[in-house]
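One letter stands for each residue in the lines below.
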Amino acid sequence: MVAGPSGAAKAMPVPSVSAVTTTSSVPGVRRRPWTLPSGPRPSAAEPRASSGRPTEVTLCSVIHDSVSACTAVPSSPVRSQRCSTNTHPATLSSHEREGIAQVCHRIGLILRQAARSGCPVVAGREPRVLPSPRIRTAGPAEAQAAVDFAERLPSGCCALDLDGRITFITTAAADLLGVAGPDLLGARPWEVLPWLGDPVAEDRYRAASLSLEATSFTARRPPDRWLSFHLYPDGSGISVRIVPAASPRAGGPPRLLHPAPAAEPGRVTALYHLMHLATTLTEAVGVRDVADRVADQVLPAFGAQALALMAAEEGRLRIIGHRGYPAGLMDRFDNAPLTSDTPAVHVLTTGVPCFFSTFADLKRAYPPAVHQDAMASWAFLPLITSGHPVGSLVLAYERPRVFPSQERSALTSTAGLIAQALDRARLYDAKHQLARNLQASLLPHTLPRIPGLDVAARYLPASRGMGIGGDFYDLIRLDETSAAAAIGDVQGHNVQAATLMGQVRTAVHATAGVPPGEVLARTNRLLTDLDAGLFTSCLYLDLDLARHRACLATAGHLPPILRHPDGRSEVVDLPPGILLGIDPAADYPTTEIPLPPGSVIALYTDGLVETPGTDIEDAIASLADRLGHTRGRTMDDLADSLIGDAQPSASRSDDIALLLICQSAPAA
């Protein structure tokens, strides 16, 4: 069939073909190969592609202006999965070549005729390959019988199409894979099953698809279940048989003629694991995080059953992470002096890794060693970066293991990546602890007790990054009938932000007592003189406890929320003021509001209300609504309730400060 410009199909007396677009080295020429799929013998009126068995032949049509031609190239001969005869010879016979030439000649005439009639055949934008004809088709009853037959088999089985997607799977196979059947249909196994992400699985699939030869491999489904996958391909897809395997080196179940060998970490696989580990470790932010990621990646990559990660600190080797070992055993080896005669210390001090296939080998090298971990083989790897030792890594195997040179090289390279990540993580932890200590010292440890005021404050560090920031709050007692409160946020989440936060809080505290606008103006001039390069938002208010009034001024901070004694809540509208540290001549207008007994005013930073994809005004309105529906609680309970929604978020990138003030009774 040839389609004309209008899309109508014109019947052409040619064999059924499939089109595949290719490029040409001749300018202006478009090549379109045609494939005669394997199928039943053509009629006597048509030339036969093969007199012995079906074969595949590629026909290439060259279309250039008024010139049309067609050539043919036989595909690589492969054994037909539906034919028990021998494969086709690598070369065509003279009779076959003559038949193909006749077909090419006729197709060339058709292409020329189509071009002359104004309906030229043009190359498609993407290749189009027709699947090989099916051996046979089944009706609904027979199809259901086939499903019942597959479900009765003791092992699992599934079918993959030419794109690697699952088109059929039995209940037993889904149970073995640990995923519901409907969740697997239409998906590629190595994309929905993380433990099949090893390149071996996809490589074996591609090998079967290209060669049409049966193959198999073994993979471990966490935590310790091994499965053998046996792939049987043909031109329409791949049938997969899934059976349990006793161990990575054990044969298959009884009567399994060709059990799949365990997938050993070859060069490509080792490179894949190294790249994946490097990518994973770039996201680690602390020593604990590095230890967890190393255990998650290294144990399955190298088939080890236990791991211990150690770091050198103050003349001792401390265990900072382990997996597969009992905690009691790790306590015995923790804090070993760097002068002790142990393999872990030896590789650290010498920089040379050690591999022991048996405990006898380890005993010969270290006579004092005592077998305590019930393991059979060990790899001791030094963690060295920039020429200085960082720690040691121990991998243990339950079965005796010979460490070939290729695996030793991969393990040594892996240790180098871990050493760099561990060194960065230790530096991060040190800075993090310093910043935390600094911030803790700058925030008020307790709030002053002021008669007539019930207050509560909360601070929640960020859950990502260094976990520190520039958020601050303060409550200042001015005299018997007045007090002041402030809340602010310094730009940044680092030591510099925490340091500047302390300076801002000190400046606000030192100038408290003058009108709120003047407090902010003086603090602003101080920050511009410091030229710290960081901006600060701040909200300051004076509380007149005798008159039940509050006077407020803001420097670009979020508006406070006021809950009235009757439970109504509103967002207090304040005239805007510029952020601190930008313009030394900036002015900060003040606003006075009533604050009757029983009313609550909430001061907060943006970390409490800002979430990705949410409008900030909607978030503030939602906070006001929650504040209005929490009457009858103490300030501490109310603070815990408001901040509780933000606490479980593991991706929160900003810290949170919250200060609640309630005028509970008139001042004496």
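Okay, so let's go over this structure. (Residues numbered from 1 in each chain as written. Predicted model: local features only at pLDDT ≥ 70, side-chain atom pairs only at ≥ 80, totals over all residues. Heavy atoms only, no water.)

1. Some thoughts on the overall build of the chain
We apply this condition: Numbering of helices and strands starts at the N terminus; helices are DSSP runs of H or I of at least 4 residues and strands are runs of E of at least 2. Residue exposure (1.4 Å probe, protein chains only): buried if accessible area is under 20% of the type maximum, exposed if over 50%, otherwise partly exposed. Contact definition: two residues touch when any of their heavy atoms are within 4.5 Å. Working definition of accessibility: Shrake-Rupley area with a 1.4 Å probe, residue cover restricted to the visible protein chains.
When its secondary structure is counted, the chain shows 16 helices and 27 strands. For the chain, the proportion of its 668 residues judged to be buried stands at 44%. The contacts in the chain between residues at least 6 apart in sequence include a share of 61% that link residues at least 24 apart. Total accessible area computed for the chain in this model is approximately 33600 Å², and 55% of it derives from carbon and sulfur atoms.

2. Describing the packing of helix α15 (residues 616-628) against helix α16 (residues 635-644)
To keep it simple, the criterion reads: The angle between two axes is taken between their N-to-C directions and runs from 0 to 180 degrees, where each axis is a line fitted to C-alpha atoms and a helix contributes only its stretch in contact. Helix crossings are classified by the rotation of the near helix relative to the far one: an anticlockwise turn of less than a right angle makes the crossing left-handed, while a clockwise turn makes it right-handed. Throughout, the ten residues Ala, Val, Leu, Ile, Met, Phe, Trp, Tyr, Cys and Pro are labelled nonpolar, Asp, Glu, Lys and Arg are labelled charged, and all others, Gly among them, are labelled polar.
Their axes nearest at 11 Å, the elements α15 and α16 cross at an angle of 145°. With respect to the hand of their crossing, α15 and α16 are arranged in right-handed fashion. Side by side, α15 and α16 meet where Leu623, Arg626 and Leu627 of the first sit next to Leu638, Ser641 and Leu642 of the second. Residues that form the contact of α15 with α16 fall into these classes: 4 nonpolar, 1 polar and 1 charged.

3. Details of the environment of Ala208
Position of Ala208 relative to the elements: it lies in helix α6 (residues 199-211). Expressed as a C-alpha distance, the spacing of Ala208 and Pro233, which sit 25 residues apart in the sequence, is 6.0 Å. Setting aside its immediate chain neighbours within four residues, Ala208 contacts Glu213, Thr215, Leu231, Pro233 and Ile238.

4. Thoughts on helix α1 (residues 94-116)
As a reminder of what qualifies: Helices are assigned an expected span. That span is 1.5 Å times one less than the residue count.
Its 23 residues give α1 an end-to-end C-alpha distance of 33 Å, which sits within 8% of 33 Å, the value for a rise of 1.5 Å per residue. Every buried residue of α1 is accounted for by Glu96, Gly99, Ile100, Val103, Cys104, Ile107, Gly108, Ile110, Leu111 and Ala114. Following α1 by one or two positions, Gly118 adopts a phi angle in the positive range, close to 85°.

5. Quick notes on the environment of His564
Heads up, the rule is: Identification of polar contacts relies on pairs of N or O atoms within 3.5 Å, with a donor-acceptor requirement for protein atoms, meaning one able to donate a hydrogen and the other able to accept it, and with residues adjacent in sequence counted only if both atoms are side-chain atoms.
Structurally, the position occupied by His564 is in the loop between β23 (561-563) and β24 (569-571). A relative accessible area of 14% places His564 in the buried class. C-alpha separation for the pair His564 and Leu595, spaced 31 residues apart in sequence, amounts to 8.2 Å. Not counting residues up to four positions away in its chain, the partners in contact with His564 are Glu570 and Ser599. Engagement of the side chain of His564 in a polar contact is seen with the side chain of Glu570, the distance being 2.7 Å.

6. Quick look at the pairing of strand β16 (residues 377-385)
The condition is simple: If DSSP finds at least two bridges between two strands, the strands pair.
Burial within β16 is extensive, with 8 of its 9 residues counted as buried. Looking at chain direction, strand β15 (residues 354-356) and β16 are connected through 3 bridges and run antiparallel. Within the sheet, the bridge partner assigned to Cys354 lies in β16 and is Phe380. Sheet topology places β16 next to strand β17 (residues 388-397); 9 bridges connect them, and they run antiparallel. Bridge pairing in β17 places Trp378 opposite Ala396. Hairpin connection from β16 to β17: 2 residues lie between these consecutive antiparallel strands, with Ser386 at a positive phi of about 55°.

7. A look at the packing of aromatic side chains
What describes a pair of aromatic rings is the distance from one ring centre to the other and the angle between the planes of the rings. Definition in use: Two aromatic rings, drawn from Phe, Tyr or Trp (for Trp, its six-membered ring), form a pair once their centres lie within 6.5 Å of each other, and the interplanar angle then sorts them: stacked below 30 degrees, edge-to-face above 60, tilted otherwise.
What the rule picks out here adds up to 8 aromatic pairs. Note on Trp190 and Tyr205: the rings are 5.2 Å apart at their centroids and 40° apart in plane angle, and the pair reads as tilted. Highlighted residues: Trp190 in helix α5 (residues 189-192) and Tyr205 in helix α6, separated in sequence by 15 residues. Each member of the pair, Trp190 together with Tyr205, is buried. Pairing Tyr397 with Phe403 gives two aromatic rings, centres 5.5 Å apart and planes at 70°, and the pair type is edge-to-face. Connected via pairs of aromatic rings, a cluster forms that spans Trp195, Phe217 and Phe229.

8. Overview of the nonpolar core
Among soluble globular proteins, nonpolar side chains are generally buried collectively. The following threshold applies: Here, the term nonpolar core denotes a set of buried Ala, Val, Leu, Ile, Met, Phe, Trp, Tyr and Cys residues that are joined through side-chain atoms within 4.5 Å.
Counting 49 residues, the largest nonpolar core has Leu541, Leu543, Ile601 and Leu603 as its most contacted members. Aside from chain neighbours lying at most four places away, what touches Leu541 is Ala483, Ala484, Ala485, Ala550, Cys551, Leu552, Ile601 and Leu603. By size, the runner-up hydrophobic cluster in this structure holds 34 residues, among which are Val298, Leu383, Phe403 and Ala419.

9. A few points about the pattern of salt bridges
Basically, it comes down to this: By definition, a salt bridge exists where a carboxyl oxygen of Asp or Glu is found within 4 Å of a side-chain nitrogen of Lys or Arg.
A full pass over the atoms with the stated rule returns 16 salt bridges. For Arg293, the salt bridge is made with Asp289, and the minimal N-O distance between the two is 3.0 Å. In this pair, Arg293 and Asp289 are both assigned in helix α8 (residues 287-302), 4 residues apart and thus about one turn of the helix distant. Between Glu480 and Arg477 there is a salt bridge whose closest N-O contact spans 3.2 Å. Within the structure, one salt-bridge network assembled from shared partners comprises Asp544, Arg547, Arg549 and Glu592.

10. Quick word on α15
The α-helix winds at 3.6 residues per turn, so residues separated by three or four positions along the chain end up facing the same way. Taking 1.5 Å of rise per residue, 13 residues should cover 18 Å, and α15 covers 18 Å from first to last C-alpha, within 8% of that figure. Ala619, Ile620, Leu623, Ala624, Leu627 and Gly628 are the residues of α15 that are buried. On its buried face, α15 is in contact with β23, β24, β26 (600-604) and α16. With a side-chain oxygen lying 3.0 Å from the backbone nitrogen of Glu617, the N-terminal cap of α15 falls on Asp615.

11. So, the sheet that holds β24
Reading across the sheet, the 5 strands line up as β18-β27-β26-β23-β24 and stay open at both edges, with antiparallel pairing between neighbours. Edge positions in the sheet fall to β18 (453-460) and β24, since each of these pairs with one other strand and no more. Looking at each pair of strands side by side, their axes are set apart by 15° on average, direction ignored. Of the strand pairs in this sheet, β23 and β26 are connected by 3 bridges, and their pairing is antiparallel. Residue pairing in the sheet places Ile561 in a bridge with Ala602 of β26. Its contacts with the sheet put α16 on β18, β23, β26 and β27 (656-663), and the angle it makes with β18 is roughly 30°.

12. What to know about the sheet that holds strand β9 (residues 215-221)
With antiparallel pairing, 5 strands are arranged side by side in an open sheet as β8-β7-β11-β10-β9. One side of each edge strand has no neighbouring strand; the edge strands of this open sheet are β8 (166-169) and β9. Between one strand and the next, the sheet's axes are offset by a mean angle of 25°, whatever the strand orientation. Taken together, the 5 bridges between strand β7 (residues 156-160) and strand β11 (residues 237-245) define a ladder with antiparallel strand orientation. Of the residues in β11, the one forming a bridge with Gly156 is Ile242.

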